[in-house]
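Here's the letter readout for the chains.
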Amino acid sequence: MYFLSTRGGQKVTGAQAIVQGIASDGGLFVPETFPKVSSQELNDMLAMNYPERAAYVLHKYLDDYDYAGLKDACERAYSQFEGNDAAPLVKMDKGLYILELFHGPTCAFKDMALTLLPYLLREGCNICGIKEEILILVATSGDTGKAALEGFKDADGIKIMVFYPDDGVSKMQKLQMCTTGGNNTNVLAVRGNFDDCQTAVKRIFNSNEYKAELKEKGVLLSSANSINFGRLAPQIAYYFSAYLDLVSSGQIEIGQTVDFTVPTGNFGNILAAYYAKQMGLPVGRLVCASNKNNILTDFIKTGRYDCHRNFYKTMSPSMDILISSNLERLLFEISGRDAALIKERMENLSRNGVYMVTTEELKRIGESFYAGCTNEEQTVECMYDFFCEYGYPLDTHTGVAMNVAEGYMSACKAEKDPKDKTPLPPMVVVSTASPYKFPQDVLYALTGNDVKDSFKGIKRLNLLTAMKVPKNLQELRYKEPRFKAVADTKDLYREVLHFLEVGTDGIVAEGTAKKRAPRKKAE
Ligand SMILES: *Cc1c(COP(=O)(O)O)cnc(C)c1O
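Residues numbered from 1 in each chain as written. Predicted model: local features only at pLDDT ≥ 70, side-chain atom pairs only at ≥ 80, totals over all residues. Heavy atoms only, no water.

Q: Just to check I follow, could you spell out the overall build of the chain for this structure?
A: Assigned secondary structure in the chain consists of 23 helices and 16 strands. Rg of the C-alpha trace for the chain: 22 Å, near the compact-globule value of 24 Å for 523 residues, within the 12% margin. Principal axes of the C-alpha set define a box for the chain whose edges measure 70 × 55 × 45 Å. Within the chain, the fraction of its 523 residues that count as buried is 59%. Residue pairs at least 24 apart in sequence account for 74% of intrachain contacts in the chain once pairs closer than 6 positions are excluded. When the accessible area of the chain is evaluated, it comes to approximately 20,600 Å², of which 49% is carbon and sulfur surface. If you average the places of the 61 positive and of the 65 negative side-chain charges in the chain, the two averages end up 3 Å apart. (Helix = DSSP H or I, 4+ residues; strand = E, 2+ residues; numbered from the N terminus. Rg over C-alpha atoms; globule rule 2.2 N^0.38 Å. Buried < 20%, exposed > 50% of the residue type's maximum accessible area, 1.4 Å probe, protein only. Contact = heavy atoms within 4.5 Å. Areas by Shrake-Rupley, 256 points an atom, 1.4 Å probe, with all protein chains shown as cover. Lys, Arg positive; Asp, Glu negative; His and termini not counted. Charge placed at Lys NZ, Arg CZ, Asp CG, Glu CD.)

Q: Please explain the packing of helix H19 (residues 439-447) against helix H20 (residues 454-465) as it appears in this structure.
A: It is at 8 Å that the axes of H19 and H20 come closest, and there the two elements cross at 45°. Judged by the angle between their axes, H19 and H20 are oblique. Crossing of H19 against H20: the hand is left-handed. Taken together, the residues of H20 that come into contact with H19 (itself represented by Pro439, Gln440, Val442, Leu443, Leu446 and Thr447) are Ser454, Gly457, Ile458, Arg460, Leu461, Leu464 and Thr465. (Axes fitted to C-alpha atoms, helices over the stretch in contact; angles between N-to-C directions. Parallel < 35°, antiparallel > 145°, perpendicular 65-115°, else oblique. Left-handed = near helix turned anticlockwise from the far one by under 90°.)

Q: Mind showing me how you'd approach the nonpolar core here?
A: Across soluble globular proteins, you tend to see nonpolar side chains buried next to one another. One finds Tyr78, Tyr239, Phe240 and Tyr275 to be the most contacted residues of the largest nonpolar core, which totals 116 residues. Among the elements that make up this core, the one with the highest residue count is helix H11 (residues 229-248) (13 residues). Met319, Met383, Phe386 and Ala401 belong to the second largest nonpolar core, which has 42 residues in total. (Core = buried A, V, L, I, M, F, W, Y, C linked by side-chain atoms within 4.5 Å.)

Q: Is there a simple way to think about the pattern of salt bridges in this case?
A: Between side chains of opposite charge, pairing is possible as soon as their charged atoms come close. Counted by the stated rule, this structure contains 22 salt bridges. As a salt-bridge pair, Arg7 and Glu328 come within 2.8 Å of each other at their nearest N and O atoms. Of this pair, Arg7 sits in the loop between strand E1 (2-5) and strand E2 (11-13) while Glu328 is found in helix H14 (residues 327-334), placing the two residues 321 residues apart along the sequence. With a relative accessible area of 4%, Glu328 lands in the buried category. (Salt bridge = Lys/Arg side-chain N within 4 Å of Asp/Glu carboxyl O.)

Q: Teacher, can you tell me more about the sheet that holds E1 here?
A: Hydrogen bonds along the backbone pair up the strands of a sheet, which may run parallel or antiparallel. Sheet architecture is open: three strands sit in the order E2-E1-E3, paired in antiparallel fashion. Sheet topology places E2 and strand E3 (29-31) at the edges, where each strand pairs with a single neighbour. The sheet shows a mean angle of 40° between the axes of neighbouring strands, taken without regard to direction. Of the pairings in the sheet, the one linking E1 to E2 comprises three bridges and is antiparallel in character. In the sheet register, Phe3 faces E2, and the bridge partner there is Val12. (Pairing = 2+ DSSP bridges.)

Q: Just checking my understanding: could you explain unusual backbone geometry for this structure?
A: Phi is mostly negative for residues that are not glycine, and the peptide bonds are mostly trans. You will see that Cys107, though not glycine, has its phi angle at about 65°, which is positive. By the element assignment, Cys107 lies in the loop between strand E5 (96-100) and helix H5 (111-114). One non-glycine residue, Phe267, lies in positive phi territory at about 70°. Tracing the backbone shows Phe267 in the loop between strand E10 (258-263) and helix H12 (268-278). What makes Phe267 buried here is its relative accessible area of 1%.

Q: For this particular structure, what's the right way to read the pairing of E5?
A: A regular strand places its side chains on the two faces of the sheet in alternate fashion. In terms of residue burial, E5 counts as a mostly covered element, since five of its five residues are buried. Because side chains alternate across E5, one face comprises the buried residues Leu96, Ile98 and Glu100, and the other comprises Tyr97 and Leu99, equally buried. Connecting strand E4 (residues 89-93) to the next strand, E5, in antiparallel fashion are two residues, including Gly95 with a positive phi near 80°. With five bridges connecting them, E5 and strand E15 (residues 427-431) associate as parallel partners. Across the sheet, Glu100 pairs through a bridge with Ser431, a residue of E15.

Q: Sorry if this is basic, but what is going on with the site of the ligand here?
A: The full set close to the ligand counts 15 residues, and Lys110, Asp143, Gly265, Asn266 and Thr432 are the nearest of them. In this structure, an oxygen atom belonging to the ligand sits 3.0 Å away from a main-chain N or O atom of Phe267. Asn269 places a main-chain nitrogen or oxygen 2.8 Å from an oxygen atom of the ligand. Across the complex, the protein chains shield 97% of the 380 Å² of accessible surface that the ligand would expose by itself. (Near = heavy atom within 4 Å. Polar contact = N/O pair within 3.5 Å; in protein donor to acceptor, adjacent residues only side chain to side chain.)

Q: How should the pairing of strand E11 (residues 283-290) be read in this particular structure?
A: In terms of residue burial, E11 counts as a mostly covered element, since seven of its eight residues are buried. As paired strands, E10 and E11 are joined by five bridges and run parallel to one another. From the neighbouring strand, Val262 faces E11, where its bridge partner is Cys288. Taking the sense of rotation as the criterion, the β-α-β connection linking E10, H12 and E11 turns out right-handed. In terms of strand pairing, E11 meets strand E14 (residues 369-373) through five bridges, oriented parallel. (Right-handed = clockwise from strand over helix to strand, strands pointing away.)

Q: Sorry, what's going on with the packing of aromatic side chains here?
A: For any pair of aromatic rings, the description rests on two quantities: the centre-to-centre distance and the angle between the ring planes. Taken as a whole, this structure holds 16 aromatic pairs when the rule is applied. Cluster of aromatic residues (ring-pair linked, three or more members): Phe3, Tyr61 and Phe229. Geometry around Tyr67 places Lys71 over its ring, the cationic atom sitting 4.6 Å from the centre. (Phe/Tyr/Trp six-rings, centres within 6.5 Å; stacked < 30°, edge-to-face > 60°. Lys NZ or Arg CZ within 6 Å of the ring centre and 35° of its normal.)

Q: What should I look at first to understand a positive patch on the surface in this one?
A: On the surface, a cluster of positive charge is made up of Lys456, Lys459, Arg460 and Arg477. Owing to a relative accessible area of 58%, Lys459 belongs among the exposed residues under this scheme. (Patch = residues over 30% accessible without salt bridge, like charges linked within 9 Å, V, L, I, M, F, W, Y side chains within 5 Å.)

Q: Even after reading the chapter, I still don't get helix H6 (residues 117-128), so can you show me in this structure?
A: In this model H6 runs 16 Å from its N-terminal to its C-terminal C-alpha over twelve residues, within 8% of the 16 Å that 1.5 Å per residue would give. Residues of H6 that are buried: Leu117, Pro118, Tyr119, Leu120, Leu121, Gly124 and Cys125. (Expected span 1.5 Å × (residues − 1).)

What follows is the structure, given as structure tokens:
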């Protein structure tokens, strides 16, 4: 299978798409066609365990990879998850389920892909005959950074550097990232919000001058951000798995449609669900849930994507995003794969911060998507009510999703003919983080109590909910941060060169921290 750039400039193999990360024209790689999965195949997949299901879906796209190798890699990736199922589906009520994607090494759904990406990348280099050292640059709103660091730490021939918005991630997320070990890792705080951070990293990726300079040093840039197809592909698998679990537990029969609600930021997770639908999985509506940064809600409702708006810092920081990169892949599909049009719109977006789709396109989006958003108070209230009703603690991101899902289901009920007694399709709400990853906010939502310390929050939450504390979060308490530096967006490339030359082991972080004046809170 070949992959095309959404902006028309490139056509490559799966391995190339993963190694390169982003197309040379700035577009994103999309599969040439969507491979289909028949109901017979779904039936066959019922007997498979999670790693086998994942390998099956992956190989549909990555047919240049060895199938046995993929199976083996999935087995190893998902054996790092706590419990015996990497993506368990939990029944809350009749027709309401939670897909728990937070049992991996960093307790957020990013682990579903980032435990596997190192294999996909290294094997991709082998397939393409690439000998250079790989340098992964990651802009993170919190969760990707740690998941990528864990995935890539001590990987042969690969270095990884993570940039996060200073003051834009939770304390726990910061501690997770800055305590990472490994002799090939580096972490840097960047002044500004996530969009500033992501834009600055993209600038490095899009600069031919930088790339040429790095190539001379024997270094090839790659990305572990959700624009990389190697991130997207493993995410498609859990939508299949959730569906199959509904079938095998007798909740539905093969062919019946299921709706999903996804707490959304960069549009990667929900796009994977859309890809699953394109492959033939009986998915009904995809509900795109946003927090107060509701640019996607407005877009899906009106067809106008407009970045001229306030940026809010919320309790669900991984969704505090104004420019959702993966939306470009959806635009490509609903435009009828019009690369010239996508190129024009993306140029408009970066120049003017706005673009619009046609009425026809908006109608097509509406056939697959519904969108809603919540403010902080509504999220807290939903988390509280949900815990009272089901004894189940939702993390802050999943709280946003649950609130929007409930709104969607009531709207559907209200629209239905009262004489129509057929139930709504089952709703699966995708849970993207462990509540222990945001312990203070979750504790506040459930009890109204503010605690100053994350680990106190974890302890209190554990007493309240009796939910097991993930080992990796518990252990953080005894670790010292290793990376402490803060940089301006304009200096990121310089920092990259410094990392390549001086190496890691805290040298970069300590060196830069000493040279610079301490950051002032009021800036
Ligand atoms: C990354 C993340 C999201 C947003 O996912 P996208 O794929 O960027 O839309 C939501 N919740 C959590 C906890 C995350 O880490």
